[in-house]
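Chain and residue survey
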Amino acid sequence: MSTGVQPALHMGRTEWFILLFLGAVWGGSFFFVEIAIEALPPPIVVAIRLMGGAVILWGIALVAGHRPPASLSLWGGFLLMGLLNNALPFTLFAWGQTQIASGLAAIFNATTPLFTVLAATIFLSDEKITLRKGTAVLVGFIGVIVMIGPSLLAGLGDALWAQLACLAAGASYAVAAIFGRRFAKLGISPMVAGAGQVSSGALLYLPIAALNWQGADFSAAGWQTWAALGGLVLLSTGLAYGLYFQLLARAGATNMTLVTFLVPLSSILLGGLFLGERLDPRHFVGMALIGFSLALIDGRLLRLLTPRRRTPAI
């Protein structure tokens, strides 16, 4: 039950650890998906991810002593979160990436904090835009563009509807982050909120999965496919969405959506470490810009670099 008292939004060590962890596991999800879709259609992979993640999250919640809420209005909120944070953006990105490069789609994904800063300023009293926050988000977005490759922007204007779909997906994630803060105010456990959202997303995605079910040849799925699906279910969905709501409650919507800057960063680093992909100078420049943007949000580096005014002796 809610106490009616909201803790101040804060980015301490725990919150930074959660943000970095989410960036790593969501960046790693690209590897898992790439392996899984070699044997199974993408809609089936997404459906398995959501349904398996829901089972994991509810299992953890029940073991921890939580019970599914009985409130219909609360389940309506979970359905809206499942639509905004899972079913709608997953579908939009999946369709958009059939017509545009995945790198350009990642740039559109990184617009999420830009949308979030604007929406939070309008709808949230405790997340108004500041010069430091706005600068940090803009620098981080530029860092993503530099790291992925500015040349991709030359394709802007081509496949316009696909690009608008990916842009709408980024906006959908932002609205979900704003709306998702209400669950903490209602006293809902992050694990229950995550389970409610993911199970609702799975329910909404079932019709799409059903339309593609006959195209799934599970006999072609080897151990690599099932290992990739296991990573998607356990790490990138089950554990990740429980932490998502915890970070959303503790650090706010704007800080939460900064993870979209870290997803391509971790994906590129993992590619260099495990797949032998070459890291170019632009990757390091982009990473440095993203690191600087996160340091701006944190504020501690600026406080260390800014000399304190000394009180004159009397």
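**Structural notes on the overall build of the protein chain**
- For the protein chain, the helix and strand inventory stands at 13 helices and 0 strands.
- Starting at the N terminus and walking to the C terminus, you meet the elements of the protein chain as α-α-α-α-α-α-α-α-α-α-α-α-α.
- Against the 2.2 N^0.38 benchmark of 20 Å for 314 residues, the protein chain shows a C-alpha radius of gyration of 20 Å, consistent with a compact globule.
- Dimensions of the protein chain, computed from the C-alpha atoms along their principal axes, are close to 85 × 50 × 35 Å.
- Expressed as a percentage of contacts within the protein chain between residues at least 6 apart in sequence, the contacts between residues at least 24 apart total 89%.

**Observations concerning the nonpolar core**
- Among the nonpolar cores identified, the biggest contains 79 residues, and Leu22, Trp26 and Tyr244 are the most heavily contacted of them.
- Among the elements that take part in this core, helix α7 (residues 160–185) stands out by supplying 9 residues, more than any other.
- If near-sequence neighbours (up to four positions away) are discounted, tyrosine 244 is found in contact with Leu22, Trp26, Met81, Asn85, Ala176, Ala177, Gln197 and Met256.
- Counting residues in each nonpolar core, the second largest holds 11 residues, with Ala36, Ala39, Ala221 and Leu229 among its members.

**Observations regarding the pattern of salt bridges**
- Following the criterion strictly, the structure yields 4 salt bridges and no others.
- Here arginine 181 and aspartate 126 are joined by a salt bridge, their closest N and O atoms 2.9 Å apart. Placement of the pair is arginine 181 in helix α7 and aspartate 126 in the loop between α5 (112–123) and α6 (131–148), with a sequence separation of 55 residues.
- Between glutamate 127 and arginine 181 there is a salt bridge, with the nearest N and O atoms lying 2.8 Å from each other.

**Some details on the packing of aromatic side chains**
- Tallying each qualifying case throughout the model produces 13 aromatic pairs.
- Plain terms: the ring middles of phenylalanine 179 and phenylalanine 183 are 6.0 Å apart, the flat faces sit at 90° to each other, and that makes the pair edge-to-face. Of this pair, phenylalanine 179 and phenylalanine 183 both sit in helix α7, separated by 4 residues, roughly a single helical turn.
- Judged by its relative accessible area of 23%, phenylalanine 179 falls in the partly exposed class.
- Judged by its relative accessible area of 1%, phenylalanine 183 falls in the buried class.
- Measuring from centroid to centroid gives 5.5 Å for tryptophan 213 and phenylalanine 218, while their planes differ by 50°, and the two rings are tilted.

**A word on the layout of surface pockets**
- A volume near 1400 Å³ is recorded for the largest pocket.
- Taken together, 45 residues make up the lining of the largest pocket; nearest its centre are Trp26, Ser29, Phe30, Val33 and Gln97.
- Looking at the lining of the largest pocket, its residues break down into 29 nonpolar, 13 polar and 3 charged.

**Examining the environment of lysine 185**
- Mapped onto the secondary structure, lysine 185 falls in helix α7.
- For lysine 185, a relative accessible area of 42% translates into the label partly exposed.
- A sequence separation of 107 residues divides lysine 185 from phenylalanine 292, and the C-alpha atoms of the two residues are 32 Å apart.

**Section: the confidence of the model for the protein chain**
- Summarising the model, the protein chain shows a mean pLDDT of 85, and 91% of its residues fall at 70 or more.
- Ignoring residues within four places in sequence, the model shows residues 1–5, a span with pLDDT below 50, making 4 contacts including any to other chains.

Calculation notes
In this numbering scheme, every chain counts its residues from 1 along its sequence in written order. Local features in this predicted model are restricted to residues whose pLDDT is 70 or higher, and side-chain atom pairs enter the listing and the counts only when it is 80 or higher, whereas totals over whole chains, interfaces and linings include all residues. Hydrogens and waters are ignored; side-chain quantities use all the structure's heavy atoms. By definition, any uninterrupted DSSP run of H or I lasting at least four residues is a helix, any uninterrupted run of E lasting at least two residues is a strand, and each is numbered from the N terminus. For the radius of gyration, the atom set is restricted to C-alpha positions; the globular benchmark scales as 2.2 Å times the number of residues to the power 0.38. The criterion used for residue contact is that any of the two residues' heavy atoms lie within 4.5 Å. We define a nonpolar core as any set of buried Ala, Val, Leu, Ile, Met, Phe, Trp, Tyr and Cys residues linked to one another through side-chain atoms lying within 4.5 Å. Under the scheme applied here, a residue whose accessible area is under 20% of the maximum for its type counts as buried, over 50% as exposed, and between as partly exposed, the area being computed with a 1.4 Å probe on protein chains only. Throughout this description, the term salt bridge denotes a Lys or Arg side-chain nitrogen within 4 Å of a carboxyl oxygen of Asp or Glu. Only centres within 6.5 Å qualify two rings of Phe, Tyr or Trp (six-membered ring in Trp) as a pair; their planes then separate them into stacked at under 30 degrees, edge-to-face at over 60, and tilted for everything else. Using a 1 Å grid laid over the protein atoms alone, points where a 1.4 Å probe fits but cannot get out form a cavity; open sets with protein on both sides within 12 Å along at least 5 of 7 lines form a pocket; any residue with an atom within 4 Å of a point counts as lining. Grid points are joined across faces, edges and corners, and a volume is the space filled by probe spheres set on the points. For this classification, the nonpolar set comprises Ala, Val, Leu, Ile, Met, Phe, Trp, Tyr, Cys and Pro, the charged set comprises Asp, Glu, Lys and Arg, and every other residue, Gly included, is treated as polar. A score from 0 to 100, pLDDT tells how confident the predictor is in each residue.

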